[in-house]
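One-letter residues, chain by chain:
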There are 4 protein chains.
Amino acid sequence: VNPSFVQAGRIDLTLEGSRAVLDAAVAAADAIGTPMCIAVTDAAGHLLAFYRMDGARTSNIGLALTKAVSASTRRRATADEFRPDEAQVIRKSLAMGTDRMTAMPGGIPIVVEGQVIGAIGVSNGHGEEDIAVARAGIAALTGPER
Amino acid sequence: VNPSFVQAGRIDLTLEGSRAVLDAAVAAADAIGTPMCIAVTDAAGHLLAFYRMDGARTSNIGLALTKAVSASTRRRATADEFRPDEAQVIRKSLAMGTDRMTAMPGGIPIVVEGQVIGAIGVSNGHGEEDIAVARAGIAALTGPER
Amino acid sequence: VNPSFVQAGRIDLTLEGSRAVLDAAVAAADAIGTPMCIAVTDAAGHLLAFYRMDGARTSNIGLALTKAVSASTRRRATADEFRPDEAQVIRKSLAMGTDRMTAMPGGIPIVVEGQVIGAIGVSNGHGEEDIAVARAGIAALTGPER
Amino acid sequence: VNPSFVQAGRIDLTLEGSRAVLDAAVAAADAIGTPMCIAVTDAAGHLLAFYRMDGARTSNIGLALTKAVSASTRRRATADEFRPDEAQVIRKSLAMGTDRMTAMPGGIPIVVEGQVIGAIGVSNGHGEEDIAVARAGIAALTGPER
């Protein structure tokens, strides 16, 4: 193959890695007493693993997935780029969009060796809780986030 | 509350139970060497937990969920009610429906004390493989299936 | 990072490679006199590049994409696994499914070093024409297909 | 045919013209160092050609197409008719709508002899970058835009 036709060196997240992220996120959610829906996606936004903790609302299954997909495919934490007042208005309308993009906080990319290899999306708590649980999940894989 | 207005005694599947099902299914899939997408839903068909094993195709994420939803909401294993020749023709076309019903084998209800408390859906192998892995998952919870 | 948490060595298809595939497919379509819609997707099924040749029907834009997505995410040429009589019945109903899976011929995975790095989907001709054009496209990248 | 029953003189954009637009847009995107998703649609909003440059996020595939469709079918550049403060709030929420209309900048109609013959949609950079790349693409066809 002509070398300019392909790019080698991509890193994939495994199921074992995904479960390490989920387990750490569940522990963090237990610690604050808020049951969560937690999704882990690959770099392309396809689901790798998912947990709905006992007591988490079924309405948040899709939101957790949307946050993970958004963080994976946009390579950027959800809510990072919006000013608070904007986010208030548009986050809900966006969350259900067909392309699964959202400005609701709680979706964070998983970065290894400079590559976005996937993302975690957390939903069922307040925004800061969702973010804290997402960060705790990622820390199990890559150490504490910036 | 008027006792006739409610029905007590519903049994819910927990995340811990869902993970026991997933772990047993993963072990069975490893044993036959076929990586699977595996979904566990509650009695209402809402996702509880999901694993995509390394090497399973992304096309089967939705199929595993569809099988679990179908088995949960119809309270019947997928493919059980169709004659083989019919099933051949319609199974795939049905799997794509918006209501997530399918005749493709690999979705089995989880029954405890006579109640359907959820279902497992398995996809990425041949039909018999998907069924075997689904049964192995359920056996971790309820013992060997009939 | 724990080595079991990630898998290194994935290969990505570039835009330059995608264009080489499209150009070769267009040349093959011109040679048989059938204008085509031609889509190239990455391994996850996300669009990389697309051409609609002059005279190709707009109804086939989505079909070309569906074929490429199906071949990418199922890692298998569309129509390969179906018997002709089955395919006749289900191919059209499947082609429009929300998960973009199809049994219509003309979607073929692009394989480099044993990895599915993407796929081509071709639509607007008869099945054999679509397949021939798809193969000609891939041959520009990897040499003649098996 | 009764001459009043039809309207002659429609101009259609060809694949060759679409590729000239894409190539010029890619060159402009390379010059500013921002990889882009670039879509070219016909006057009806149907996709003619598409490139995703290496490094552009998959989340922007749909946005590029939405911008091109919006500019084609509304015959007006995206973001042109909104005051900046409004645009900030609604641009993203609109982009996800099922009818593919958006106020996000980067969609521009292609006008030849007074007819809108199609549009270009560009996404993955800041608004001004998307617009600059879109204009550079169109200039290859029609000369510098007003």
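Residues numbered from 1 in each chain as written. Chains lettered and ligands numbered in written order. Predicted model: local features only at pLDDT ≥ 70, side-chain atom pairs only at ≥ 80, totals over all residues. Heavy atoms only, no water.

A. Region of the structure containing the relation of the copies chain C and chain A. Superposing chain C onto chain A takes a rotation of 180° combined with a translation of 0.0 Å along the rotation axis, leaving an RMSD of 0.0 Å. Interpreted geometrically, this transformation is the action of a two-fold axis. Both copies contact each other with a shared surface, as 100% of the interface residues of chain C are interface residues in chain A too. (Least-squares fit on C-alpha atoms with pLDDT ≥ 70 in both. Contact = heavy atoms within 4.5 Å.)

B. Just the interface of chain A and chain B, in detail. Counting residues at the interface gives 17 residues for chain A and 16 residues for chain B. Summing both sides of the interface, chain A and chain B together bury roughly 1,600 Å²; the carbon and sulfur share of this comes to 54%. When the area that chain A buries against chain B is broken down by residue, the three leading residues are L15, Y51 and R52 of chain A, summing to 34%. Scanning the region where chain A abuts chain B turns up four salt bridges. D42 of chain A is paired through a salt bridge with R52 of chain B; the nearest N and O atoms lie 2.8 Å apart. The set of elements that each furnish at least two residues to the side of chain A that touches chain B consists of helix 1 (15-32) and strand 3 (47-52) of chain A. (Buried area = accessible area lost by both parts, 1.4 Å probe. Salt bridge = Lys/Arg side-chain N within 4 Å of Asp/Glu carboxyl O. Helix = DSSP H or I, 4+ residues; strand = E, 2+ residues; numbered from the N terminus.)

C. The pairing of strand 2 (residues 47-52) of chain B, seen in detail. Of all six residues making up strand 2 of chain B, six are buried, and the element is well covered by its neighbours. Taken together, the three bridges between strand 3 of chain A and strand 2 of chain B define a ladder with antiparallel strand orientation. Bridge pairing links F50 of chain A to F50 of chain B in strand 2 of chain B. Of the pairings in the sheet, the one linking strand 1 (residues 37-42) of chain B to strand 2 of chain B comprises five bridges and is antiparallel in character. (Buried < 20%, exposed > 50% of the residue type's maximum accessible area, 1.4 Å probe, protein only. Pairing = 2+ DSSP bridges.)

D. Region of interest: the packing of helix 1 (residues 15-32) of chain D against helix 4 (residues 127-142) of chain D. All names here are of chain D. Between helix 1 and helix 4, the least distance of the axes is 7 Å, while the angle of their chain directions is 140°. Here helix 1 lies oblique to helix 4, going by the angle between them. Considering only the axes of helix 1 and helix 4, their crossing is right-handed. Across the interface between the two elements, G17, A20, V21, A24, A25, A28, A29 and I32 from helix 1 touch E129, V133, A136, G137, I138, A140 and L141 from helix 4. Its residues placed into classes, the contact of helix 1 with helix 4 shows twelve nonpolar, two polar and one charged. (Axes fitted to C-alpha atoms, helices over the stretch in contact; angles between N-to-C directions. Parallel < 35°, antiparallel > 145°, perpendicular 65-115°, else oblique. Left-handed = near helix turned anticlockwise from the far one by under 90°. Nonpolar A, V, L, I, M, F, W, Y, C, P; charged D, E, K, R; others polar.)

E. Region of interest: the pattern of salt bridges. Residue and element names in this part refer to chain C. A complete count under the given rule lists 14 salt bridges over all chains for this structure. One salt bridge connects D130 with K67, and the closest N-O pair in it is separated by 3.0 Å. Of this pair, D130 sits in helix 4 (residues 127-142) while K67 sits in helix 2 (residues 59-74), placing them 63 residues apart in sequence. Using a relative accessible area of 3% as the deciding quantity, one classes D130 as buried.

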